[in-house]
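Spelled out from the first residue to the last, the chains are:
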Amino acid sequence: MNEPSRQPPICSFCSLVCELPDELHDLQMLPVFCSKRDIQSKRIAASLEGLTTDLRHADSEALSATLGRAIGLVRQAHSVLVTGRIHTVESARAAVELAQRLDGMVDPWDSDEAFDSILSMQRVGGYGVSLGEARDHSDLWIVVGDDRLLEQTPRLPHAMHRGESVPMLLIGRWSDASIQVWSEAGFDVLCIETGLEEIPKYLSQVSRLGSNYCDSQTGRWILDAKYTSILYSPTALEVECRDLWIDLLSRWVLNRNETTRVATLAWGSLQSTFHQTCTWLTGFPGRIRFQNHQPSYDPHRHRAKDWCDRQSASGTAAEKSLIIWIDDTLDDLPTDFDASKLRRVIVGPNPPSTLSESQLWLPTGIAGTTFAANMFRGDQTILAKIPCADPLPSFTPSAWLGRLTR
């Protein structure tokens with residue numbers, strides 16, 4: 001009789017959603033595996049100490065009363081924004097369905113970086129690639145950015161390496177410690193220190209002038225490569241007019257594909273899960289306002305922060321506006337959001353700084369820890385299911401939003 005296959009544990013603290021190696025059963029070994037997981041595990045352990053007990057023994061009458069007041073705010077609102085840090089498929093589905101039911105607007109908070117990539121793809125197009133294909137076929141990696149890429153996804157170099165030495169150009173502002181991380185992962189690294197704004201221009205010059213001009217090892221690597229993968233993260237890309245920078249890089253990639261294979265691996269954050277799910281449901285990646293339950297897409301007007309500014313500027317509109325904040329993280333509320341005076345319903349594990357009749361909190365557990373969740377890897381090709389050994393199914397964002405919807 002065949003034994004059922006074991007589902008590996010998965011770390012859901014960054015967009016890599018790593019499967020943890022079998023030998024890492026001892027929590028003392030986790031820092032060796034991933035520094036970010038070690039830090040987040042300690043935060044979650046501290047939060048879980050009281051959170052799980054509080055949720056299991058929550059006063060059902062008090063929660064029902066809070067839900068009733070939240071429903072009252074929804075009924076009174078003439079304009080609704082559904083936003084937050086939405087990182088799971090379940091929360092994204094519920095957010096879109098609620099916005100559609102209420103003829104509201106939906107856009108994740110801090111979505112500018114994601115939409116710079118989205119708008120560039122809509123204008124210019126491009127050649128994208130999955131992590132698996134890039135790892136298996138690349139004979140040159142070009143990694144653009146700085147140390148923030150490794151701060152966001154510490155294990156990414158090891159996930160990219162296929163077990164043999166591959167040339168890698170690190171372009172940007174990299175510390176000696178970061179260069180060492182890439183080298184220890186097994187890559188043959190050359191680092192070019194330059195401002196990020198100049199990178200598309202530099203690549204264009206190398207390919208336009210050709211081997212007669214570029215006799216450096218860097219130039220030969222770029223010109224001789226048969227399969228080049230360019231990795232960058234929009235959230236770790238500090239340049240002016242980020243979307244136009246991506247346009248220039250994409251045009252270079254498109255031109256190079258006339259004679260060789262070059263592909264872009266734009267590594268997304270966990271917010272990418274929302275944009276993927278929203279596209280399934282509506283045909284658009286976000287920044288939608290529903291009218292008569294039909295989506296109206298306007299990436300330049302339907303931005304969460306702009307909506308808050310417009311509503312706050314008008315006293316009459318502010319009184320009839322409501323924000324529904326969905327949080328799949330343990331982070332504190334953003335300062336610019338917490339300062340807003342608009343009425344709010346917070347759905348997440350952390351309560352707001354103050355509670356009142358116009359600011360309510362519906363408590364949830366932690367995605368991937370107290371309830372199972374589905375999240376996309378940063379390359380948008382793998383949907384990882386993070387199981388939960390001790391679930392609290394009633395205290396999830398999707399469960400609360402379902403009640404608001406009904």
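Right above here is the structure, for reference.
Residues numbered from 1 in each chain as written. Predicted model: local features only at pLDDT ≥ 70, side-chain atom pairs only at ≥ 80, totals over all residues. Heavy atoms only, no water.

Peer 1: Help me out: how do you make sense of the overall build of the chain in this one?
Peer 2: In terms of helices and strands, the chain carries 17 helices and 14 strands. Of the contacts made within the chain by residues no fewer than 6 positions apart, 69% connect residues no fewer than 24 positions apart. Carbon and sulfur atoms make up 48% of the accessible area of the chain, which amounts to about 18900 Å² in all. (Helix = DSSP H or I, 4+ residues; strand = E, 2+ residues; numbered from the N terminus. Contact = heavy atoms within 4.5 Å. Areas by Shrake-Rupley, 256 points an atom, 1.4 Å probe, with all protein chains shown as cover.)

Peer 1: Would you mind showing me how to read the side chain of serine 272 here?
Peer 2: Within the secondary structure layout, serine 272 lies in helix H13 (residues 272-282). Given the relative accessible area of 12%, serine 272 is considered buried. A polar contact of 3.3 Å, which involves the side chain of serine 272, links it to the side chain of glutamine 380. (Buried < 20%, exposed > 50% of the residue type's maximum accessible area, 1.4 Å probe, protein only. Polar contact = N/O pair within 3.5 Å; in protein donor to acceptor, adjacent residues only side chain to side chain.)

Peer 1: What exactly am I supposed to notice about the environment of valine 239 here?
Peer 2: Examined against the element boundaries, valine 239 turns out to sit in the loop between strand E6 (227-232) and helix H12 (242-256). Its relative accessible area of 12% is what places valine 239 among the buried residues. Along the backbone, valine 239 and glutamate 197 are 42 residues apart, and their C-alpha atoms lie at a distance of 6.1 Å. Look past the residues within four positions of valine 239 in its chain and what remains in contact with it is Leu196, Glu197 and Trp245.

Peer 1: Could you clarify how one ought to interpret the sheet that holds strand E2 (residues 105-106) in this entry?
Peer 2: In any sheet, the strands associate via hydrogen bonds between backbone groups, in a parallel or an antiparallel arrangement. Pairing is mixed in the open sheet, where seven strands are placed in the order E9-E8-E2-E1-E10-E11-E12. The open sheet has two free edges, formed respectively by strand E9 (294-297) and strand E12 (359-363), since each of these has just one partner strand. Sheet topology places strand E11 (residues 343-348) next to E12; five bridges connect them, and they run parallel. Each bridged residue has a counterpart across the sheet, and for valine 347 the counterpart in E12 is leucine 362. (Pairing = 2+ DSSP bridges.)

Peer 1: Before we go on, may I ask you to explain the pairing of strand E7 (residues 261-266) in this structure?
Peer 2: Regular strands place their side chains on alternate faces of the sheet. When E6 meets E7, the two strands line up parallel, connected through six bridges. Note that in E7 the partner of tyrosine 232 across the bridge is alanine 266. Note that the unit made of E6, H12 and E7 has a crossover that is right-handed. (Right-handed = clockwise from strand over helix to strand, strands pointing away.)

Peer 1: In this structure, what is going on with the packing of aromatic side chains? I would like to understand it.
Peer 2: Given two aromatic rings, one states the distance between the centres and the angle between the planes to describe the pair. Going through the model one piece at a time under the given rule, you end up with nine aromatic pairs. Seen in terms of ring centroids, tyrosine 232 and tryptophan 245 are 5.7 Å apart; in terms of plane orientation they differ by 75°. Their pairing is edge-to-face. Here tyrosine 232 is found in strand E6, whereas its partner tryptophan 245 is found in helix H12, with 13 residues between them in sequence. Taken together, a centroid distance of 5.8 Å and an interplanar angle of 65° make the contact between tryptophan 280 and phenylalanine 376 edge-to-face. With tryptophan 280 in helix H13 and phenylalanine 376 in strand E13 (residues 373-376), this residue pair connects regions lying 96 residues apart in the sequence. Here the aromatic cluster, defined as three or more aromatic residues joined through ring pairs, consists of Trp109, Trp325 and Phe337. Over the ring of phenylalanine 337 we find arginine 344, and its NZ or CZ is 4.8 Å from the ring centre. One residue, arginine 403, lies across the ring of tryptophan 400, its end atom 4.7 Å from the ring centre. (Phe/Tyr/Trp six-rings, centres within 6.5 Å; stacked < 30°, edge-to-face > 60°. Lys NZ or Arg CZ within 6 Å of the ring centre and 35° of its normal.)

Everything listed is a geometric property; what it means functionally is a separate question.
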